[in-house]
Amino acid sequence: MELFLLSNGKLSGEAELLGYAKSQLLAMIERRNITSAVFIPYAMIRGDYDQRAGELSQTLGIKVTSIHHAESPAEAIAQAECILVSGGNTWMLNQMLHENGLIVPIQRAVREREVPYVGWSAGCNVATPSIRTTNDMPVRNSVVLPALGLFPLQINPHYIDAHISGHMGETRDERLAEFCAVNPSESVVALREGSLLHVCGNDLRYFSAREQGFKVFRHGVEIQEYQDTLVLRSLVPFICHC
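What counts, and where the lines are drawn
Residues numbered from 1 in each chain as written. Predicted model: local features only at pLDDT ≥ 70, side-chain atom pairs only at ≥ 80, totals over all residues. Heavy atoms only, no water. Phe/Tyr/Trp six-rings, centres within 6.5 Å; stacked < 30°, edge-to-face > 60°. Helix = DSSP H or I, 4+ residues; strand = E, 2+ residues; numbered from the N terminus. Buried < 20%, exposed > 50% of the residue type's maximum accessible area, 1.4 Å probe, protein only. Patch = residues over 30% accessible without salt bridge, like charges linked within 9 Å, V, L, I, M, F, W, Y side chains within 5 Å. Areas by Shrake-Rupley, 256 points an atom, 1.4 Å probe, with all protein chains shown as cover. Salt bridge = Lys/Arg side-chain N within 4 Å of Asp/Glu carboxyl O.

K.L.:
Please explain the packing of aromatic side chains as it appears in this structure.
P.N.:
Any two aromatic rings considered together are summarised by their centre-to-centre distance and by the angle between their planes. For the structure on display, the rule yields five aromatic pairs. On the numbers, 6.5 Å between centres and 5 degrees between planes, the contact of phenylalanine 39 with tryptophan 120 is stacked. Of this pair, phenylalanine 39 sits in strand β2 (residues 36-40) while tryptophan 120 sits in strand β5 (residues 117-120); the two residues are 81 residues apart in sequence, bridging distant segments of the chain. A ring pair is formed by tyrosine 159 and phenylalanine 217, whose centres lie 6.1 Å apart and whose planes are at 65 degrees; its orientation type is edge-to-face. Of this pair, tyrosine 159 sits in the loop between β6 (154-156) and α7 (172-182) while phenylalanine 217 sits in strand β10 (residues 214-218), and the two are 58 residues apart along the sequence. In this pair, the class of tyrosine 159 matches that of phenylalanine 217, namely buried.

K.L.:
Where do I start with a nonpolar patch on the surface in this structure?
P.N.:
There is a patch of nonpolar side chains on the surface, built from Ile45, Met137 and Val139 and spanning about 320 Å² of accessible area. Mapped onto the fold, isoleucine 45 is located in the loop between β2 and α2 (49-60).

K.L.:
Would you take a moment to explain the pattern of salt bridges for this structure?
P.N.:
A side chain of one charge can pair with a side chain of the opposite charge if their charged atoms are brought near each other. Following the criterion strictly, the structure yields 11 salt bridges and no others. Arginine 32 is the salt-bridge partner of glutamate 2, the closest N and O atoms lying 2.8 Å from each other. Linking glutamate 2 in strand β1 (residues 2-6) with arginine 32 in helix α1 (residues 22-32), this pair joins segments that are 30 residues apart in sequence. Residue arginine 32 is classed as partly exposed on the basis of its relative accessible area, which comes to 28%. Of the charged contacts in the structure, one is a salt bridge between glutamate 112 and arginine 108, with a shortest N-O distance of 3.3 Å. Arginine 108 sits in the partly exposed class, given a relative accessible area of 48%.

The analysis is restricted to geometry; functional conclusions fall outside its scope.
Following this line, the structure appears as structure tokens:
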């Protein structure tokens with residue numbers, strides 16, 4: 001299994017989509033001799049699907065086709081060499097994955113055929129057991145919480161611990177602490193902008209373009225920042241690396 005779980009699609013001031021992870025993605029594409037990818041754009045409520053697919057094709061140097069053109073979305077996943085899942089609204093994305101019958105096909109493609117999965121923001125959220133740690137609003141009346149479960153821990157993308165002057169609402173840290181208080185057996189990995197988790201086979205590694213760490217939220221455990229995945233050894237079925 002190979003997963004690229006990115007906090008976001010672009011860094012501030014960066015023109016190229018997935019630019020901060022480009023070297024890792026191109027290395028994976030070359031290693032696996034990938035020539036095409038299926039793009040899942042359902043999280044994009046106001047964007048142009050084909051334009052985004054074109055941006056990805058330019059970044060990755062392969063043919064990228066949006067799944068909305070497929071007569072059978074499930075068959076498109078069954079034939080995919082690589083799966084790319086866009087950011088946007090996580091609730092919309094997860095709902096559409098369920099409505100289009102793509103949960104099991106994606107799970108089988110990734111786990112059985114070892115098709116690489118690349119997801120950023122919302123696409124990162126849906127790779128976890130559920131979308132309960134998304135930052136997005138539930139814009140659909142019909143809401144589905146269970147997601148793909150490819151990665152065993154909850155992730156909070158776009159994590160920020162800044163305190164905005166005059167803001168009286170809960171901070172992100174407080175929100176994630178609330179999640180852990182209600183779900184004391186679960187942990188949340190908080191990924192800052194420009195960072196990613198990479199699962200390759202049995203190995204788990206962390207990368208940050210800004211050389212920043214990630215945080216792990218657990219009920220009753222002091223929140224700390226980490227630069228490698230060794231802290232996750234007891235929480236995931238992977239070999240964690242410095």
